[in-house]
Amino acid sequence: MDEFYRFVGEKQAKKVRLAVMDMWKPFRTSTGKNAPQAAILFDKFHILRHLGEALDKVRKQEYARLGGQSRTFIKGQKYALLSHPQNLKGPARKNLKLLLAANKR
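Residues numbered from 1 in each chain as written. Predicted model: local features only at pLDDT ≥ 70, side-chain atom pairs only at ≥ 80, totals over all residues. Heavy atoms only, no water.

Caption draft 1: Representation of the side chain of Ser 30 in the model. In this structure, Ser 30 sits in helix 2 (residues 25–34). For Ser 30, a relative accessible area of 4% translates into the label buried. Within polar-contact distance, the side chain of Ser 30 engages the side chain of Asp 2 at 2.6 Å. (Helix = DSSP H or I, 4+ residues; strand = E, 2+ residues; numbered from the N terminus. Buried < 20%, exposed > 50% of the residue type's maximum accessible area, 1.4 Å probe, protein only. Polar contact = N/O pair within 3.5 Å; in protein donor to acceptor, adjacent residues only side chain to side chain.)

As structure tokens, this is what we get:
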């Protein structure tokens, strides 16, 4: 990224208002150094990957915390949680409502 900013020059780098990138730290560091005025927007793929990992972590913690019948509210509900409620049909919509009502945490 430093080479890119050298290529475009300091004058052009100061005009950058938005930098879209993945979450690799050297990209952020270089942009912060060469275009400090630029807002950074991370790409959707990496954001969704981190959100998915966080959701899995919480689901696993809740599954371990609960026992017996309560576990049925969590098992197999990952995609119901990831879907927009309006896109769910029949049993999936009902399961999501039960899951959210049972797990206020």
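Back to the text.
Caption draft 2: Geometry of the confidence of the model for the chain. A residue-level look at the chain finds 93% of positions with pLDDT of 70 or above and a mean pLDDT of 86. Helix 5 (residues 90–102) is the least confidently modelled element of the chain, averaging 78 in pLDDT, while helix 2 averages 96, the highest of any element. (pLDDT = per-residue confidence, 0-100.)

Caption draft 3: Expanded view of the packing of helix 1 (residues 2–13) against helix 2. It is the contact of helix 1 with helix 2, at a shortest axis distance of 10 Å, that shows an interaxial angle of 25°. Considering their axes alone, helix 1 and helix 2 lie roughly parallel with respect to each other. Every pair of crossing elements has a handedness; the one defined by helix 1 and helix 2 is right-handed. Note on element contacts: helix 2 touches helix 1 through Ser 30, Thr 31, Lys 33 and Asn 34, opposite Asp 2, Tyr 5 and Ala 13. Split by residue class, the contact of helix 1 with helix 2 holds 2 nonpolar, 3 polar and 2 charged. (Axes fitted to C-alpha atoms, helices over the stretch in contact; angles between N-to-C directions. Parallel < 35°, antiparallel > 145°, perpendicular 65-115°, else oblique. Left-handed = near helix turned anticlockwise from the far one by under 90°. Contact = heavy atoms within 4.5 Å. Nonpolar A, V, L, I, M, F, W, Y, C, P; charged D, E, K, R; others polar.)

Caption draft 4: Spotlight on the pattern of salt bridges. Applying the stated criterion to the full structure yields 3 salt bridges. Residue Glu 53 pairs with Arg 49 through a salt bridge whose shortest N-O separation is 3.6 Å. One end of the pair, Glu 53, and the other, Arg 49, are both in helix 3 (residues 44–65), 4 residues apart, so they sit about a helical turn from each other. On the basis of relative accessibility, which here comes to 43%, the residue Glu 53 falls in the partly exposed class. Under the relative-accessibility criterion, Arg 49 is labelled partly exposed at 38%. Between Asp 56 and Arg 59 there is a salt bridge, with the nearest N and O atoms lying 3.4 Å from each other. Residue Asp 56 and its partner Arg 59 are both found in helix 3; the two are separated by 3 residues, about one turn of the helix. (Salt bridge = Lys/Arg side-chain N within 4 Å of Asp/Glu carboxyl O.)

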